[in-house]
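So you can see what is in the structure, the chains are spelled out below.
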Amino acid sequence: MTVERQQLIEEVRRTGTLAGLPRGHFIAGRFVASASGREMESFDPGSGKPFAKVAAGDAEDVDRAVAAARSALSGPWSRLSPAARGEILMRASRLIAECAARFAVVETLDSGKRLSEAEGDVAGVVRAFAYYAGAADKLHGDSMPLGPDHVGLTIEEPVGVAAQIVPWNYPLSTAARGIAPALAAGCTLVVKPAEQTPFTTLMLAELLHQAGLPDGVLNVVAGTGPEAGAALVAHPGIDHITFTGSVATGQRVMRAAAEHVTRLVLELGGKSPVVVLADCDLDAAVDGVMEAIFENAGQICSAGSRLVVEEAIAQPLLDRLVGRAQALRPGHGLSDAGIGPINSPAQLARVAAHVDRARAAGNRILTGGAVVPPEECGGGWFYRPTIVLARDTADPLVQKEIFGPVLTVQIVPDFEAAVAAANATSYALVAGIYTRDHARAWRFARTVDAGQIYINEFFAGGVAMPFGGNRKSGFGRAKGMAGLRSYCKLKSVVARI
Ligand code: NAI
Ligand code: MG
């Protein structure tokens, strides 16, 4: 694994790309060019250079993919037992583990993320397929006590053709956490990866095919949001949409879904608080806050992007965070430097604009607050790890998702004020707390509105824990058995006996 990884890294260093990357859409069990013949370029955010071309799909390709998924729904796939579906997923899990080095290096090249993070993502995907492999034959219904003359029971049926729109920050893991449960449930799929990061999803589709998935069960159409994504979510042939991305696009997807009354799960952004109380283990809190905001250069929907700190500990905590942030060296993801690049020039410009506006409005930049000059880091798209003290709760710095390595700081007098601050945005994705007082931690867990609460370890959990948001962060849940049930429709059957 490490030898192979080293060879792949050297190949990228030598050639700027990797041989053998997929180039077409994956439809009905094989790679195909776009109907229009068009292609688009994918970039390496660590160097700012294009490294490979891939098909650029539109409505015609989406049509072909949806037709393949619809016809696969009544093909051999529908006759497999749930246990047999589980066996295919388990084989896929093993195959991904065997190809882990290649998946991780491609993910780093395409998305920019640090290699060790990409390796963590791939390990999570191996685990996700194993988890849903084991769950495929455990989709129990209920039986209801209706009295002596009736039998009542519920059956979980696959929802049908599931469409999935994937963002660029966790390309492989987000795709997998929809694909694995949808397949376990017996659905077929059409997946649209982000235009910035199509390759690992295409590789995953080919690998699942090798694991025994019948033709047409999993289809991937590469392309932009307006051309391929919009056509997919508006398609009358799909039965369910899982969308992960921005609030604005999520609203557009929701409107499109309304047209055909298509079921929908939305995983949108966040401005998630990390509350640090004065009685915490300071070392654990420093590590936790650093990871919460600087992992994947802050490009995480569930990033802990708002530090809410009790006044009594604010100075020592901020001193240590500023020191640690300044020590993070930007560098190419494959060199596993301190902090990786921003995924695209557009996203880099958005991050910079947020911070420039905050500075002009009188918020105090404690460290960072600038684009890294390209010559300092090989031409890539980097932003300095940034910590900003917020003026007040109403400031956009506190309210708006930045989606970059920018930590907003709010200093509060006590626990009650920390809870109020945690709840003070329109998002409700995750919330974390660092304290030794478990009664308070549990009170926080009960009174803060969020899809998930982390106590003394940010990002704790894994595939077994359901994940999703409330309010502007969306609705519906991925992961866990809840994620599996979102790909099912419940049928009630009652018999008179
Ligand atoms: P986006 O929400 O537009 O893109 C996400 C996915 O949606 C991509 O696959 C894109 O091709 C697709 N898409 C775009 N327009 C579509 C449409 N009309 N119909 C169907 N699919 C469509 O996000 P974008 O522009 O890449 O980033 C903008 C902001 O979104 C970021 O600054 C960040 O704040 C947020 N974001 C949040 C993510 C999350 O994990 N919640 C992930 C990516 C971005
Ligand atoms: Mg790319």
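Relevant structure appears above.
Quick caveat: nothing in here was measured; it's all calculated off a predicted structure. (Residues numbered from 1 in each chain as written. Chains lettered and ligands numbered in written order. Predicted model: local features only at pLDDT ≥ 70, side-chain atom pairs only at ≥ 80, totals over all residues. Heavy atoms only, no water.)

A few points about the overall build of the protein chain
Argument step 1. Helix and strand content of the protein chain: 17 helices and 22 strands.
Argument step 2. Whereas a compact globule of 497 residues would reach a radius of gyration of roughly 23 Å, the protein chain reaches 23 Å, a difference of no more than 12%.
Argument step 3. The dimensions of the protein chain, computed from C-alpha atoms along their principal axes, are 70 × 65 × 45 Å.
Argument step 4. In the protein chain, once contacts between residues fewer than 6 apart in sequence are set aside, the share between residues at least 24 apart is 74%. (Helix = DSSP H or I, 4+ residues; strand = E, 2+ residues; numbered from the N terminus. Rg over C-alpha atoms; globule rule 2.2 N^0.38 Å. Contact = heavy atoms within 4.5 Å.)

Focus: a nonpolar patch on the surface
Argument step 1. A surface patch of nonpolar side chains, about 390 Å² in accessible area, is lined by V151, L153, I155, V493 and I497.
Argument step 2. Here the nonpolar patch gets 3 residues from one element, more than from any other, and that element is strand β6 (residues 150-158).
Argument step 3. Tracing the chain through its elements places I497 in the segment after β22 (488-496). (Patch = residues over 30% accessible without salt bridge, like charges linked within 9 Å, V, L, I, M, F, W, Y side chains within 5 Å. Areas by Shrake-Rupley, 256 points an atom, 1.4 Å probe, with all protein chains shown as cover. Salt bridge = Lys/Arg side-chain N within 4 Å of Asp/Glu carboxyl O.)

Points about the coordination of the magnesium ion (ligand 2)
Argument step 1. F43 (O), D110 (O), D110 (OD) and Q196 (O) make up the full set of protein donors to the magnesium ion (ligand 2), lying at 2.2 to 2.5 Å.
Argument step 2. All donors of the magnesium ion (ligand 2) belong to a single chain; written as a sequence motif, their spacing is F-x66-D-x85-Q. With a gap of 67 residues between them, F43 in strand β3 (residues 39-44) and D110 in helix α5 (residues 100-111) connect regions that are remote in the sequence.
Argument step 3. Given a relative accessible area of 34%, F43 falls into the partly exposed group.
Argument step 4. A relative accessible area of 2% means that D110 is categorised as buried. (Donors = N, O, S within 2.8 Å, 3.2 Å for Na, K, Ca; no water. Buried < 20%, exposed > 50% of the residue type's maximum accessible area, 1.4 Å probe, protein only.)

Considering the environment of R127
Argument step 1. Tracing the backbone shows R127 in helix α6 (residues 115-135).
Argument step 2. Of the residues examined, R127 reaches a relative accessible area of 44% and is grouped as partly exposed.
Argument step 3. For the pair formed by R127 and G462, sequence separation is 335 residues and the distance between their alpha carbons is 8.9 Å.

Topic: the sheet that holds β6
For sheets, the rule is that strands pair by backbone hydrogen bonds, running either parallel or antiparallel.
Argument step 1. Ordered in space as β5-β6-β22, the 3 strands form an open sheet in which the pairing is antiparallel. Strand pairing shows two members of the sheet lacking a second neighbour, β5 (143-144) and β22, which therefore form its edges.
Argument step 2. Note: β5 against β6, 2 bridges, orientation antiparallel. Each bridged residue has a counterpart across the sheet, and for M144 the counterpart in β6 is G152. (Pairing = 2+ DSSP bridges.)

Re the site of ligand 1
Argument step 1. Surrounding ligand 1, one finds 27 residues, the nearest of these being V166, W168, K192, E195 and S246.
Argument step 2. Within the backbone of G245, an N or O atom sits 3.3 Å from a nitrogen atom of ligand 1.
Argument step 3. The separation between an oxygen atom of ligand 1 and a polar main-chain atom of S246 is 2.8 Å.
Argument step 4. A total of 810 Å² of accessible area belongs to ligand 1 in isolation, and the protein chains cover 88% of it.
Argument step 5. Counted by class, the shell around ligand 1 contains 11 nonpolar, 10 polar and 6 charged residues. (Near = heavy atom within 4 Å. Polar contact = N/O pair within 3.5 Å; in protein donor to acceptor, adjacent residues only side chain to side chain. Nonpolar A, V, L, I, M, F, W, Y, C, P; charged D, E, K, R; others polar.)

Concerning the pattern of salt bridges
Argument step 1. On inspection of all chains with the given rule, the structure shows 21 salt bridges.
Argument step 2. In the salt-bridge network here, residues are joined through shared partners; they are R114, E117 and D336.

Notes on the packing of α6 against helix α7 (residues 171-185)
Argument step 1. Two elements in contact, α6 and α7, have axes separated by 9 Å at closest approach and are oriented at 10°. When the axis of α6 is compared with that of α7, the two are roughly parallel. Taking contact as the criterion, the partners of D121, V122, V125, A128, F129 and Y132 in α6 are, on α7, L172, S173, A176, I179, A180, P181 and A184. (Axes fitted to C-alpha atoms, helices over the stretch in contact; angles between N-to-C directions. Parallel < 35°, antiparallel > 145°, perpendicular 65-115°, else oblique.)

Description of the pairing of β6
Argument step 1. Counted along the chain from β5 to the antiparallel partner β6, the turn is 5 residues long, and its residue G147 has a positive phi close to 100°.
Argument step 2. Alignment of β6 against β22, held across 9 bridges, turns out to be antiparallel. In the sheet register, H150 faces β22, and the bridge partner there is R496.

A few points about the nonpolar core
Argument step 1. If you look at the biggest cluster of nonpolar residues, it comprises 69 residues, and the most contacted ones within it are F129, Y132, I179, L183, L204 and L208.
Argument step 2. Broken down by element, this core gets its largest block of residues, 10 residues, from α6.
Argument step 3. The residues touching L204, leaving out its near neighbours within four places in the chain, are I96, F103, F129, L172, A176 and I179.
Argument step 4. Residues V276, L318, A325 and L389 belong to the second largest nonpolar core, which totals 50 residues. (Core = buried A, V, L, I, M, F, W, Y, C linked by side-chain atoms within 4.5 Å.)

Comments concerning the packing of aromatic side chains
Argument step 1. Counted under the stated rule, the structure contains 8 aromatic pairs.
Argument step 2. The interplanar angle of 85° and the centroid separation of 4.9 Å between the aromatic rings of Y131 and Y132 together place this pair among those described as edge-to-face.
Argument step 3. A relative accessible area of 18% means that Y131 is categorised as buried.
Argument step 4. Ring centres of F458 and F459 lie 4.9 Å apart, and the angle between their planes is 75°; on these two criteria the pair is classed as edge-to-face.
Argument step 5. Since its relative accessible area comes to 3%, F458 is described here as buried.
Argument step 6. Residue classification places F459 among the partly exposed residues on the basis of a relative accessible area of 24%.
Argument step 7. Pairwise contacts between aromatic rings join Y454, F458 and F459 into one cluster.
Argument step 8. One Lys or Arg, K113, reaches over the ring of Y170 and ends 3.5 Å from the middle of that ring. (Phe/Tyr/Trp six-rings, centres within 6.5 Å; stacked < 30°, edge-to-face > 60°. Lys NZ or Arg CZ within 6 Å of the ring centre and 35° of its normal.)

Digging into helix α12 (residues 311-326)
Argument step 1. Under the 1.5 Å per step criterion, the end-to-end length of α12 is 23 Å for 16 residues, consistent within 8% with the ideal 22 Å.
Argument step 2. Taking the largest bend as the criterion, α12 deviates by roughly 30°, centred on L317.
Argument step 3. All buried positions along α12 are accounted for by I313, A314, L317, L318, L321, V322 and A325.
Argument step 4. Taken together, the buried residues of α12 touch β12 (273-276), α11 (282-294), β13 (306-310), β14 (364-367), β15 (386-389) and β16 (406-412). (Expected span 1.5 Å × (residues − 1). Bend = angle between axes of the 7 residues up to and from the residue.)

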